[in-house]
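Results of the structural survey
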Amino acid sequence: MNSIDIKETVFKILCEMSGTDVNAEDPNLTLDLGLDSMNMVMLLIEVEDAFDIRLDESDMNPFELICVSDVIKLAEKYLLKEGKEE
């Protein structure tokens, strides 16, 4: 999976969760997309499921995710690790 695929998948997850068309990295998850604290926790679960990854406990703080780009970076951290098998 490459960066473009990751970005498109995150956009799709956020679109489904927020009911808003998401196609940019700069929208704020709470202010622009209307996600509340429960949605933020669900977002982490959706990211794990969509990418078949398990986030480290240190990455499970939804309050560290401010913008769409933060979600993309989190997924990329796990999917674009050097030497990761596809």
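Refer to the preceding data block for the structure.
Residues numbered from 1 in each chain as written. Predicted model: local features only at pLDDT ≥ 70, side-chain atom pairs only at ≥ 80, totals over all residues. Heavy atoms only, no water.

1. Some details on the packing of helix α1 (residues 3-18) against helix α3 (residues 68-79)
Running from N to C, α1 and α3 point in directions that differ by 130°, and their axes come no closer than 9 Å. By the criterion of interaxial angle, the relationship of α1 to α3 is oblique. For the element pair α1 and α3, the recorded crossing hand is right-handed. The segment α1 lies against α3, with Ser 3, Ile 6, Lys 7, Val 10, Phe 11 and Leu 14 engaging Val 68, Val 71, Ile 72, Ala 75, Glu 76 and Leu 79. Residue classes in the contact of α1 with α3 are distributed as nine nonpolar, one polar and two charged. (Axes fitted to C-alpha atoms, helices over the stretch in contact; angles between N-to-C directions. Helix = DSSP H or I, 4+ residues; strand = E, 2+ residues; numbered from the N terminus. Parallel < 35°, antiparallel > 145°, perpendicular 65-115°, else oblique. Left-handed = near helix turned anticlockwise from the far one by under 90°. Contact = heavy atoms within 4.5 Å. Nonpolar A, V, L, I, M, F, W, Y, C, P; charged D, E, K, R; others polar.)

2. Topic: the environment of Phe 51
Mapping Phe 51 onto the fold places it in helix α2 (residues 37-51). According to the relative accessible area criterion, Phe 51 is buried, its value standing at 7%. Between the C-alpha atom of Phe 51 and that of Asp 26, which follows or precedes it by 25 residues, the distance is 21 Å. The residues contacting Phe 51, other than those within four sequence positions of it, are Met 1, Ile 6, Thr 9, Val 10, Ala 75 and Leu 79. (Buried < 20%, exposed > 50% of the residue type's maximum accessible area, 1.4 Å probe, protein only.)

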